[in-house]
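# Coordinate inspection notes
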Amino acid sequence: MAELLTLVTITTEQTEGYDRGDWEHWIDADGDGLDTRQEVLADETLVDPVVAGGRIREGQWFSYYDDQEFTVARQLDVDHVVALAEAHQSGGWAWDALTRQLYANDLSFPDHLIAVSAGSNRSKGARDPAEWLPPDPEALCTYLAWWTTIKYRWELSMDQAEFDAIHRFATTDCADTQIDLAAAQSGIIRADPSGQP
């Protein structure tokens, strides 16, 4: 993780101009009747889900942040590990609408979006690792690895406090946490000027 951190830009965040409505999320990108939230719930349930009215109602999910299990989908939030507001502040402010949509619905990296307890997601909000860490200490190093990978893949910056917090763990408690650099460096589909993904 420390190696990948060296490839992330450190700069002051852009704190103005964020509007969640500018980040179109929970779209049905593949036209299968399941929006992005439903796709994550379907992918992460440990048993066959119960579907009614085109929505996943029941299954079995593990909330990684706080080590809890759930069987009712409405008790879960689907979390952007690096929140939309944080992405905006870290470089997404300069993206076009299509790139913001791609980020908000990214299923190509399995830990970009995760199903977690509503309580842990709302506690986290848009805070970065200098301000919030998972309540389950067993989740800490993996969470920081996900965060760092997402920042790198999307060419998002970190502010100094955020970098320092992650670096402290990357060189101590999480020094043995490995990130697949080849996978991280494979990049992401971005919008081009013609408006095509």
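Whatever comes next refers back to the structure up there.
Here's what I pulled together on the structure shown here. Values in this document were obtained by computation on a predicted structure and should not be read as measured data.

With that settled, consider the overall build of the protein. Counting secondary structure elements, the protein contains 8 helices and 5 strands. Along the protein, helices and strands appear, N-terminal first, in the series α-α-β-β-β-β-α-α-β-α-α-α-α. Its C-alpha atoms give the protein a radius of gyration of 17 Å, near enough to 16 Å, the size a compact globule of 197 residues would have. Taken along the three principal axes of its C-alpha coordinates, the protein extends 45 × 45 × 30 Å.

This paragraph deals with the pattern of salt bridges. Side-chain pairs of opposite charge can arise where the charged atoms are in close proximity. Going through the model one piece at a time under the given rule, you end up with 6 salt bridges. Residue E162 pairs with K151 through a salt bridge whose shortest N-O separation is 2.8 Å. You can see E162 sitting in helix α7 (residues 160-170) and its partner K151 sitting in helix α6 (residues 140-153), a full 11 residues away along the chain. Given a relative accessible area of 0%, E162 falls into the buried group. A relative accessible area of 0% places K151 in the buried class. Taken together, the shared-partner salt bridges connect E86, K151 and E162 into one network.

All right, on to the sheet that holds strand β3 (residues 68-72) then. One open sheet holds the 3 strands; their spatial order is β1-β2-β3, and the pairing between them is antiparallel. With one partner strand each, in any of the chains shown, β1 (50-52) and β3 form the two edges of the open sheet. Adjacent strand axes in the sheet meet at a mean angle of 20° when their direction is disregarded. With 3 bridges connecting them, β1 and strand β2 (residues 55-63) associate as antiparallel partners. Opposite V50, over in β2, you have E58 as the bridge partner.

This brings us to the packing of α6 against α7. At a minimum axis separation of 11 Å, α6 and α7 run at an interaxial angle of 135°. For the element pair α6 / α7, the angle class is oblique. Our pair here, α6 against α7, has a crossing hand that is left-handed. Residues L140, L144, W147, T148 and K151 of α6 pack against E162, I166 and F169 of α7. Of the residues that constitute the contact of α6 with α7, the class distribution is 5 nonpolar, 1 polar and 2 charged.

Moving on: the state of the cysteines. All told, the structure shown has 1 disulfide when counted by the stated rule. Residue C141 pairs covalently with C174 via a disulfide, S to S 2.1 Å. Residues C141 and C174 are joined by a disulfide whose S-S torsion is about -80°; by sign, that bridge is left-handed. Taken together, the residues span a long stretch of sequence, with C141 in helix α6 and C174 in the loop between α7 and α8 (181-184) at a distance of 33 residues.

Counting residues in each nonpolar core, the largest one holds 35 residues, and the members touching the most others are M1, V81, Y103 and L144. Within the residue set of this core, elements represented by two or more residues are α1 (2-5), α3 (84-89), α4 (97-104), β5 (113-117), α6 and α7. Per element, the largest residue contribution to this core is 8 residues, and it comes from α6. Not counting residues within four places of it along the chain, the set of residues in contact with V81 comprises Y65, D111, H112, I114, K124, Y143, W146, W147 and I150. Counting 10 residues, the second-largest nonpolar core is a separate cluster that includes V40, A73, L76 and L113.

Here is what the cut-offs are and how they apply
- Residues numbered from 1 in each chain as written.
- Predicted model: local features only at pLDDT ≥ 70, side-chain atom pairs only at ≥ 80, totals over all residues.
- Heavy atoms only, no water.
- Helix = DSSP H or I, 4+ residues; strand = E, 2+ residues; numbered from the N terminus.
- Rg over C-alpha atoms; globule rule 2.2 N^0.38 Å.
- Salt bridge = Lys/Arg side-chain N within 4 Å of Asp/Glu carboxyl O.
- Buried < 20%, exposed > 50% of the residue type's maximum accessible area, 1.4 Å probe, protein only.
- Pairing = 2+ DSSP bridges.
- Axes fitted to C-alpha atoms, helices over the stretch in contact; angles between N-to-C directions.
- Parallel < 35°, antiparallel > 145°, perpendicular 65-115°, else oblique.
- Left-handed = near helix turned anticlockwise from the far one by under 90°.
- Contact = heavy atoms within 4.5 Å.
- Nonpolar A, V, L, I, M, F, W, Y, C, P; charged D, E, K, R; others polar.
- Disulfide = S-S within 2.5 Å.
- Core = buried A, V, L, I, M, F, W, Y, C linked by side-chain atoms within 4.5 Å.

These values are about where atoms sit, not about what they do.
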